[in-house]
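# Structural overview for review
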Amino acid sequence: MSDLAALITPLTQIVKEAGQAILKVYHSSSPIEVEKKDDNSPVTKADYAAHKVIEKGLLALPIQYPVLSEEGGLPDFSERQTWTRYWLVDPLDGTKEFINKNGEFTVNIALIDKGEAILGFVYVPVKNILYYGGVGIGSFRCTEENEAPIQKVPLTFNKTLNVVGSRRHGAEALDTMLASIRDRFPSIELVSMGSSLKICACADGSADWYPRLALTSEWDTAAAHAVLRAAGGEILDEALKPLKYNEKDSLLNPYFHAVGDRKFEWASLIPLKE
């Protein structure tokens, strides 16, 4: 068994325990208390509770790597750039969806190796659905009924193009981009959803493309990125190069395009930025 495959069982337990900690707050009869972080983004007791579960679980694993979590401290880049492997965690991705109680939030754990997302777990607590995937493992979608490897049909120009987008960020720019390519496909369907579920939709074939024309952070994308890569997709930056991690002081991602079929002619659709 590879070192990554050996992590499947313990990581599955960790993300599900974090999900239960989130649901305890989600289903509480008390109103959800919301604080503001320094960047004005919202945070709740559920974010912190999930962080504690995940950090404790990761630090108890036989092999130790640094843990970089949205709700933990942020080491200086001078320290981070010495890391070969580390855990990149978003304990509750989609806090606004959590607050609005629409169920579209996830628990994200990724293992980063030399700037690449090589293993990822994305758990959807409300639906008890787990996506996981990694190098040499493949990509899987797990429900209460079964665990199935992800298999997709390649995208072609004679099929409907299924696009997912954010409800709140970059919608106008996305509409303009889609209008410019509308004559390339029989039809284009756009669905809005929250959190890393948009990247997972590209991974499992329910979507072909997620153009993110607004800022995100590295912990927002890494876990689903690993799932997507293992399913034959990729996250491309504006120069159409694979998105990388921990290569600069800032943890902000550039604008990007998550694509379900990396072999498709994306360069013919996406404006190239040098």
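Structural notes, computed from the coordinates.

Calculation notes
Residues numbered from 1 in each chain as written. Predicted model: local features only at pLDDT ≥ 70, side-chain atom pairs only at ≥ 80, totals over all residues. Heavy atoms only, no water. Helix = DSSP H or I, 4+ residues; strand = E, 2+ residues; numbered from the N terminus. Rg over C-alpha atoms; globule rule 2.2 N^0.38 Å. Buried < 20%, exposed > 50% of the residue type's maximum accessible area, 1.4 Å probe, protein only. Contact = heavy atoms within 4.5 Å. Phe/Tyr/Trp six-rings, centres within 6.5 Å; stacked < 30°, edge-to-face > 60°. Lys NZ or Arg CZ within 6 Å of the ring centre and 35° of its normal. Pairing = 2+ DSSP bridges. Axes fitted to C-alpha atoms, helices over the stretch in contact; angles between N-to-C directions. Expected span 1.5 Å × (residues − 1). Arc of directions from axis to C-beta.

Scanning the protein chain from N- to C-terminus turns up seven helices and 14 strands. Relative to the globule expectation of 19 Å for 274 residues, the C-alpha radius of gyration of the protein chain, 18 Å, shows essentially globular dimensions. When the 274 residues of the protein chain are sorted by exposure, 53% land in the buried category. The long-range fraction of contacts in the protein chain, counting pairs at least 24 apart against all pairs at least 6 apart in sequence, stands at 66%.

Summed over the entire model, instances satisfying the criterion amount to 13 aromatic pairs. The structure contains a cluster of three or more aromatic residues connected by ring pairs, namely Phe157, Phe185, Trp209, Phe264 and Trp266. One cation-aromatic arrangement involves Lys101 over Tyr26; the distance from NZ or CZ to the ring centre is 5.5 Å.

This paragraph deals with the pairing of strand S8 (residues 138-142). Looking at chain direction, strand S7 (residues 129-134) and S8 are connected through five bridges and run antiparallel. Counted as the bridge partner of Tyr131 is Arg141 from S8. Hairpin connection from S7 to S8: three residues lie between these consecutive antiparallel strands, with Gly136 at a positive phi of about 75°. Judged from the three bridges that link them, S8 and strand S9 (residues 147-149) form a sheet pairing that is antiparallel. Along S9, the bridge assignment pairs Arg141 with Ala148. Counting the residues between successive antiparallel strands, the hairpin from S8 to S9 contains four residues.

Strand order across the open sheet formed by seven strands is S3-S4-S5-S6-S7-S8-S9, with mixed pairing between neighbours. Looking at strand neighbours, the two that pair on one side only are strand S3 (67-69) and S9, the edges of this open sheet. Adjacent strand axes in the sheet meet at a mean angle of 15° when their direction is disregarded. Each of S3, strand S4 (85-93) and strand S5 (106-113) touches helix H2 (residues 45-59); the most contacted strand, S4, lies at about 155° to it. Helix-sheet contacts for helix H6 (residues 197-204) involve S5, strand S6 (116-124), S7 and S8, and the interaxial angle to S7 is about 70°.

Structurally, Ile150 can be placed in the loop between S9 and strand S10 (161-165). The spacing of Ile150 and Phe140 is 10 residues in sequence and 5.3 Å in space, taken between C-alpha atoms. Residue contacts for Ile150: discarding those within four places in its chain leaves Tyr131, Ser139, Phe140, Arg141, Ala203, Asp204 and Ala231.

Taken across its five residues, S10 has four buried, putting it largely inside the fold. Where S10 and strand S11 (residues 188-192) come together, five bridges link them in parallel fashion. Note that in S11 the partner of Gly165 across the bridge is Ser192.

Right, let's get into H2. Taking 1.5 Å per residue, 15 residues should reach 21 Å; H2 reaches 21 Å between its end C-alpha atoms and fits that length. Those residues of H2 not exposed but buried are Ala46, Asp47, Ala50, His51, Ile54, Gly57 and Leu58. End-on, the buried residues of H2 take up no more than an arc of 140°, which puts them together on one face. In H2, those exposed residues whose orientation departs by more than 90 degrees from the buried face are Lys45, Lys52 and Lys56.

The backbone of Asn40 shows a phi angle near 75°, a positive value even though the residue is not glycine. Tracing the backbone shows Asn40 in the loop between strand S1 (34-36) and strand S2 (42-44). The exposure class of Asn40 is exposed, given its relative accessible area of 54%. In this structure, Leu240 is a non-glycine residue whose phi angle is positive, near 65°. You can call Leu240 partly exposed: its relative accessible area is 21%.

Remember, this is a structural readout, not a statement about activity or role.
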